[in-house]
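Given next are the chains, with one letter for each unit.
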Amino acid sequence: MEKQGVASLSVREAARLAGVSHSAPYRHFPDREGLLAALATEGFAALGQALAKGEAAGGLRGRGEAYVRFALEHPQRFRLMFGGELAFSRHASLREAATRVFDGLAAAFMAQIPGEAGRDASIAAWALVHGLAQLLLEERIAAAARRGRDTESFVREVLGAIRFSAARAQSSA
C-alpha cells in the first residue's frame, strides 16, 4: 500500500501480497472498504504508540514531532487515515482507535491546562501538526523556507517557534 497507494489496493491484491488465495481475505473483510478500515485502524494504533514514545522522549513537542514523522514515514497510511474516504461512523473499531489517539492528546494537554481550555489547546496543536505534516507530504514548503535544514530539524524548530510565540503572547496579555 505504501508504494502503490490506496487507490490501487484491492482485496485480491492484498491476498496476493499476503500469499493466500484470492478468496481468503473475504473471510475477514466483507469488502474493500472493510479492508481499508482495518488498515486505517492499525494505522491509528501505530500512531498512538508513536505519539506516546514521542511524548516520553520530548514532552508535547516530542508528541508533535512524532506525529509529523509518522505522516512522512507512512504517507499512504496517513492519507487513508485522514483522507475522508472512510466513514468512521460505519466502522466501530476504526472510530474507537481514532478516538483513543485524540483522547491521549487531549489528556496530555489537559494535564497542563485544565478543562475545556486544555481540550481546545489539544485541537489547536493537532491542527498545527496535521497541517505541517500535510504541507511537507505535498511538498508545499519551499526549500528557501527550510533554509537548508533537514526535515527533522525543520519540524523541531517550527514547533518550537509556536511555543515561543504562544508564551510571548500570553505574557503580553
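Computed from a predicted structure; not experimentally measured. (Residues numbered from 1 in each chain as written. Predicted model: local features only at pLDDT ≥ 70, side-chain atom pairs only at ≥ 80, totals over all residues. Heavy atoms only, no water.)

(A) Looking closely at the overall build of the protein chain. Broken down by element type, the protein chain carries 7 helices and 0 strands. For the protein chain, the sequential pattern of α-helices and β-strands runs α-α-α-α-α-α-α. The buried share among the 173 residues of the protein chain stands at 36%. A separation of at least 24 residues holds for 61% of the contacts in the protein chain among residues at least 6 apart in sequence. Carbon together with sulfur atoms contributes 55% to the accessible area of the protein chain, which is approximately 10300 Å² in total. (Helix = DSSP H or I, 4+ residues; strand = E, 2+ residues; numbered from the N terminus. Buried < 20%, exposed > 50% of the residue type's maximum accessible area, 1.4 Å probe, protein only. Contact = heavy atoms within 4.5 Å. Areas by Shrake-Rupley, 256 points an atom, 1.4 Å probe, with all protein chains shown as cover.)

(B) Layout of the nonpolar core. F44, L47, Y67, V68, F78, L132 and L136 are the most contacted members of the largest nonpolar core, which has 30 residues in total. Elements that contribute at least two residues to this core include exactly α2 (32-73), α3 (75-82), α4 (92-110), α5 (115-137) and α7 (151-172). In terms of residues, this core owes the most to one element, α2, which gives 13 residues. Among all residues touching F78, those that are not within four sequence positions of it are Y67, F70, A71, H130, A133, Q134 and L137. L60, A108, F109 and A125 belong to the second largest nonpolar core, which has 7 residues in total. (Core = buried A, V, L, I, M, F, W, Y, C linked by side-chain atoms within 4.5 Å.)

(C) A look at the pattern of salt bridges. Throughout the structure, instances matching the rule amount to 10 salt bridges. Through salt bridges with shared partners, one network takes in R61, E65, E152 and R156. (Salt bridge = Lys/Arg side-chain N within 4 Å of Asp/Glu carboxyl O.)

(D) Highlighting the packing of aromatic side chains. Enumeration over the complete set of coordinates arrives at 7 aromatic pairs. Taking 5.9 Å as the distance between ring centres and 85 degrees as the angle between the ring planes, the aromatic pair formed by F44 and F88 counts as edge-to-face. With F44 in helix α2 and F88 in the loop between α3 and α4, this residue pair connects regions lying 44 residues apart in the sequence. Assessed through its relative accessible area of 3%, F44 is described here as buried. A relative accessible area of 26% means that F88 is categorised as partly exposed. An aromatic cluster of at least three residues, connected via ring pairs, comprises F44, Y67, F78, F82, F88, F102 and W126. Above the face of the F154 ring, R146 is positioned so that its terminal group lies 5.4 Å from the ring centre. (Phe/Tyr/Trp six-rings, centres within 6.5 Å; stacked < 30°, edge-to-face > 60°. Lys NZ or Arg CZ within 6 Å of the ring centre and 35° of its normal.)

(E) Representation of unusual backbone geometry within the structure. Positioned with a positive phi, E139 is a non-glycine residue whose angle comes to about 55 degrees. Inspection of the secondary structure puts E139 in the loop between α5 and α6 (143-146). Take E139: its relative accessible area is 69%, and that puts it in the exposed class.

(F) Fine view of the packing of α2 against α3. Relative to each other, α2 and α3 sit at 105 degrees, their axes nearing to 8 Å. With respect to α3, the element α2 is oriented roughly perpendicular. Where α2 approaches α3, its residues L36, L39, A40, E42, G43, F44, L47, Y67, F70, A71, L72 and E73 are matched on the opposing element by P75, R77, F78, L80, M81 and F82. Here the residues of the contact of α2 with α3 sort into 14 nonpolar, 1 polar and 3 charged. (Axes fitted to C-alpha atoms, helices over the stretch in contact; angles between N-to-C directions. Parallel < 35°, antiparallel > 145°, perpendicular 65-115°, else oblique. Nonpolar A, V, L, I, M, F, W, Y, C, P; charged D, E, K, R; others polar.)

(G) Representation of α4. Counted at 1.5 Å a residue, the expected span for α4 with its 19 residues is 27 Å, and the 26 Å between its end C-alpha atoms agrees. Elements in contact with the buried residues of α4: α2 and α5. (Expected span 1.5 Å × (residues − 1).)

(H) Region of the structure containing the environment of R61. Looking at the secondary structure, you find R61 in helix α2. According to the relative accessible area criterion, R61 is partly exposed, its value standing at 35%. Separated by 98 residues in sequence, R61 and L159 have C-alpha atoms that sit 6.6 Å apart. Sequence-distant contacts of R61, that is, excluding residues within four places in its chain, are made with R156, L159 and G160.

Worth remembering: the numbers are spatial, not functional.
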